[in-house]
Amino acid sequence: MGLLDVILGRSKPVRPDLDQLFAVPSAALTLQAAAGFAPTGLGSVCFAGVEGGGFARLQEDVRELLDADTERGGIPVEFSRDAYGYTWLLARHPADDSAALVNDLHAVNTLLQDGGFGPHLLCSLIGFRDGEGAGSRSLALVYLYKRGTFYPFAPLPGGAEKRDNQLELQVRGALGDDLRVEKDLSRWFPVWGAPGM
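These numbers come from a predicted model, not from an experiment. (Residues numbered from 1 in each chain as written. Predicted model: local features only at pLDDT ≥ 70, side-chain atom pairs only at ≥ 80, totals over all residues. Heavy atoms only, no water.)

It is not clear to me how the overall build of the protein chain should be interpreted in this structure. Could you clarify?
The secondary structure content of the protein chain amounts to five helices and six strands. Seen in sequence order, the protein chain has helices and strands lined up from the N terminus as α-α-β-α-β-β-α-β-β-β-α. Sequence separation of 24 or more characterises 64% of the internal contacts of the protein chain that already satisfy a separation of 6 or more. Carbon together with sulfur atoms contributes 53% to the accessible area of the protein chain, which is approximately 10400 Å² in total. (Helix = DSSP H or I, 4+ residues; strand = E, 2+ residues; numbered from the N terminus. Contact = heavy atoms within 4.5 Å. Areas by Shrake-Rupley, 256 points an atom, 1.4 Å probe, with all protein chains shown as cover.)

Explanation requested: the confidence of the model for the protein chain in the structure shown.
As a note on interpretation, predicted positions should not be read in detail where pLDDT is low. Residue-level pLDDT values for the protein chain average 85, and 85% of them are 70 or greater. When pLDDT is averaged over each helix and strand of the protein chain, the minimum, 53, is found for helix H1 (residues 3–8) and the maximum, 97, for strand S6 (residues 149–153). (pLDDT = per-residue confidence, 0-100.)

So what exactly am I meant to see when it comes to the side chain of Ser 44 here?
Note that Ser 44 resides in strand S1 (residues 38–48). A polar atom in the side chain of Ser 44 sits 2.7 Å from the backbone oxygen of Pro 195. Not counting residues up to four positions away in its chain, the partners in contact with Ser 44 are Trp 88, Leu 89, Leu 90, Leu 105, Cys 123, Ser 124, Leu 125 and Pro 195. (Polar contact = N/O pair within 3.5 Å; in protein donor to acceptor, adjacent residues only side chain to side chain.)

In this structure, what is going on with the pairing of S1? I would like to understand it.
Remember that side chains alternate between the two faces of the sheet whenever the strand is regular. Strand direction decides the pairing type here: S1 and strand S4 (residues 121–129), joined by seven bridges, are antiparallel. Pairing of Ser 44 across the sheet is with Leu 125, part of S4. Across seven bridges, S1 lies against strand S3 (residues 86–92) in antiparallel orientation. Residue Ser 44 lies in a different strand from S3, and its bridge partner there is Leu 90. (Pairing = 2+ DSSP bridges.)

Mind showing me how you'd approach the environment of Phe 37 here?
Relative to the helices and strands, Phe 37 is located in the loop between helix H2 (24–35) and S1. According to the relative accessible area criterion, Phe 37 is buried, its value standing at 0%. For the pair formed by Phe 37 and Ser 136, sequence separation is 99 residues and the distance between their alpha carbons is 9.7 Å. Every residue in contact with Phe 37, bar those within four places of it in the chain, is listed here: Ala 28, Leu 31, Gln 32, Phe 128, Arg 129, Asp 130, Arg 137, Ser 138, Leu 139 and Leu 167. (Buried < 20%, exposed > 50% of the residue type's maximum accessible area, 1.4 Å probe, protein only.)

Help me understand the packing of H2 against helix H5 (residues 165–175) in this model?
Packed helices, taken two at a time, are described by their axes: the angle between them and the distance between them. In contact at an axis separation of 10 Å, H2 and H5 are set at 125 degrees when each is read in the N-to-C sense. If you check the angle between H2 and H5, you find them oblique. Helix-helix and strand crossings are classified by hand; for H2 and H5 the assignment is right-handed. For the pair formed by H2 and H5, the contact residues are Ala 27, Thr 30, Leu 31, Ala 34 and Ala 35 on the first element and Gln 170, Val 171, Ala 174 and Leu 175 on the second. (Axes fitted to C-alpha atoms, helices over the stretch in contact; angles between N-to-C directions. Parallel < 35°, antiparallel > 145°, perpendicular 65-115°, else oblique. Left-handed = near helix turned anticlockwise from the far one by under 90°.)

How do you make sense of the sheet that holds S1 when you look at a structure like this?
Two orientations exist for strands paired in a sheet by backbone hydrogen bonds: parallel and antiparallel. Taken together, the six strands give an open sheet; going across it, the order is S2-S3-S1-S4-S5-S6, and neighbouring strands pair in antiparallel fashion. Of all strands in the sheet, those with a lone pairing partner are strand S2 (78–81) and S6, marking the two edges. Ignoring strand direction, the axes of neighbouring strands in this sheet form an average angle of 25 degrees. The strands touched by helix H4 (residues 98–117) within the sheet are S1, S3 and S4, with S1 carrying the most contacts at an inclination of about 10 degrees. Docked against the sheet, H5 engages strand S5 (138–144) and S6, running at close to 140 degrees with respect to S6.

Got a minute to help me understand the pairing of S6 in this structure?
Buried residues dominate S6, accounting for five of its five residues. Judged by which residues are buried, S6 turns out to be covered on both faces: Thr 149, Tyr 151 and Phe 153 on one side and Phe 150 and Pro 152 on the other are all buried. Sheet topology note: the S5/S6 ladder contains five bridges and is antiparallel. Looking at S6, one finds that Ala 140 is bridged to Phe 153.

Looking at this structure, I do not really get the nonpolar core. What am I missing?
The tendency in soluble globular proteins is for nonpolar side chains to be buried as a group. Of all hydrophobic cores here, the largest spans 48 residues; its most connected members are Phe 128, Val 142, Leu 179 and Val 191. Here Val 191 is in contact with Trp 88, Leu 125, Val 142, Tyr 151 and Phe 153, once residues within four sequence places are set aside. (Core = buried A, V, L, I, M, F, W, Y, C linked by side-chain atoms within 4.5 Å.)

What follows is the structure, given as structure tokens:
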């Protein structure tokens, strides 16, 4: 960063650190102890779709890599597109195997980044719940690729697009030592209807 950048208040963008994802399994233990939320075994990666053969081949490589264990009982990944045109990849694992889920999410992010599509990566999320049934609440730990940070997203039960801000702040406090939590609350974007929630 040069002197002119300092004078004009510009800052260097944070380099993505995908290895931050590997801190999620230990953070999941903290989250379960502090707030009663357990992993669901669901996780997803969101990226802006790109037209063209190179991206289509890369998407197929991702599918082949993550579907390699389907013959041994693994669950195939699912691709979907949301109302804003973003592509989501949903991976499923047993709820007690968050390490395998994180490995899959890391592999997807790495393949896209190494394939030259890093600027199209938006976020990854890992789902949690605090129980079963109608009264349970969902929570996601969202990893912002371009910031290298996490934030909690907690939609209120009932389908209305409202957030449980108190729970999000509680989770931020609980996980401050486990994850690099995004300090700028204006970057805690809602991910309504995200696969894996």
